[in-house]
Amino acid sequence: MPPSRQANIVTWTTPEEMRQGWPLMQQMYPHHTLDRYLESLHQAQRFDYRQFAYLNPQQTCLGVVGLWFFPRVWCGLQADIDNFVVDCKQRGQGIGRHLLNRCLEEAHQKGATIATLDTFVDNPASHRFYFREGFVIRGYHFVKPLQGQSIW
């Protein structure tokens, strides 16, 4: 069943609002705790982080994506798409495309020169989606934990 025409995309700018997306974030990050998620959101607020949520008419969140902006020497203002998840039971219905388009609209309005994102190498469904939407692989994203913890 395709998403309802009455569904809408809302902008969340506070951790309290973003807490509504926690059930979906658990699908992506099953080892995170709610406290860890909220702490990350509080830290992200320093960088004007916001989320867009796709809500059905009953106000149930079916998809959520984060977005923030920062300048890069090599490209100018970069829009970074982050923590993008659509409910596993709702995928393939256009929700992700609606959320991605909302991110790209916001990026354009803010004057970003590029939109970037990371996705796990073991998530081929996301790779197909991003290729279909015009993203290309430009480099590698290397990660090194600095506090002795495992980030996986």
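Above: the structure in question.
Residues numbered from 1 in each chain as written. Predicted model: local features only at pLDDT ≥ 70, side-chain atom pairs only at ≥ 80, totals over all residues. Heavy atoms only, no water.

A.B. asks: Quick one: what's the story with the sheet that holds strand β2 (residues 50–55), residue by residue and with numbers?
C.D. replies: As summarised here, the arrangement of the five strands in space is β1-β2-β3-β4-β5, forming an open sheet in which the pairing is mixed. Looking at strand neighbours, the two that pair on one side only are β1 (8–12) and β5 (114–117), the edges of this open sheet. Averaged over neighbouring strand pairs, the angle between their axes works out to 25 degrees when direction is ignored. (Pairing = 2+ DSSP bridges. Helix = DSSP H or I, 4+ residues; strand = E, 2+ residues; numbered from the N terminus. Axes fitted to C-alpha atoms, helices over the stretch in contact; angles between N-to-C directions.)

A.B. asks: Any details on helix α3 (residues 34–44)? Residues and values, ideally.
C.D. replies: Listed in full, the buried residues belonging to α3 are Tyr-37, Leu-38, Leu-41 and Ala-44. Buried residues of α3, seen end-on, are gathered within an arc of 120 degrees and therefore sit on one face of the element. The inward-facing, buried residues of α3 contact α1 (15–18), α2 (22–28), β2 and β3 (61–72). (Buried < 20%, exposed > 50% of the residue type's maximum accessible area, 1.4 Å probe, protein only. Arc of directions from axis to C-beta. Contact = heavy atoms within 4.5 Å.)

A.B. asks: Tell me about the environment of Ile-137, and name the residues and values.
C.D. replies: Residue placement: Ile-137 occurs in the segment after α5 (124–132). Overall, the relative accessible area of 69% leaves Ile-137 in the exposed class. Between the C-alpha atom of Ile-137 and that of Thr-116, which follows or precedes it by 21 residues, the distance is 9.7 Å.

A.B. asks: How would you explain α5 if you had to name every residue and give the values?
C.D. replies: Turning to α5, its buried residues number three or more, namely Ser-126, Phe-129 and Tyr-130. End-on, the buried residues of α5 take up no more than an arc of 95 degrees, which puts them together on one face. For α5, the elements touching its buried residues are β4 (76–86), α4 (95–110) and β5. In the stretch just after α5, Gly-134 is the one whose phi turns positive, near 95 degrees.

A.B. asks: Give me the pattern of salt bridges: which residues, what numbers.
C.D. replies: Tallied over the full model, the rule gives four salt bridges. The partner of Glu-106 in a salt bridge is Arg-50, and the shortest N-O contact between them spans 2.6 Å. Placement of Glu-106 in helix α4 and of Arg-50 in strand β2 is noted, with a sequence separation of 56 residues between them. In terms of burial, Glu-106 and Arg-50 fall into one category: buried. One salt bridge connects Glu-133 with Arg-97, and the closest N-O pair in it is separated by 2.6 Å. Remark: Arg-97 occurs in helix α4 and Glu-133 occurs in the segment after α5; sequence separation between them is 36 residues. Relative accessible area serves as the criterion here: at 40%, Arg-97 is assigned to the partly exposed category. (Salt bridge = Lys/Arg side-chain N within 4 Å of Asp/Glu carboxyl O.)

A.B. asks: I'd like a description of the pairing of β4, backed by residues and values.
C.D. replies: In terms of burial, β4 is largely enclosed, as eight of its eleven residues are buried. Taken together, the nine bridges between β3 and β4 define a ladder with antiparallel strand orientation. By the bridge assignment for β4, Pro-71 is matched with Leu-77. Hairpin geometry of β3 and β4 is characterised by an intervening segment of three residues between the two adjacent antiparallel strands. With four bridges joining them, β4 and β5 adopt parallel strand pairing. Its bridge partner lying in β5, Ile-81 is registered against Leu-117. In this fold, β4 hands off to α4, which returns the chain to β5; that crossover is right-handed. (Right-handed = clockwise from strand over helix to strand, strands pointing away.)

No statement about biological role is implied by the geometric values presented.
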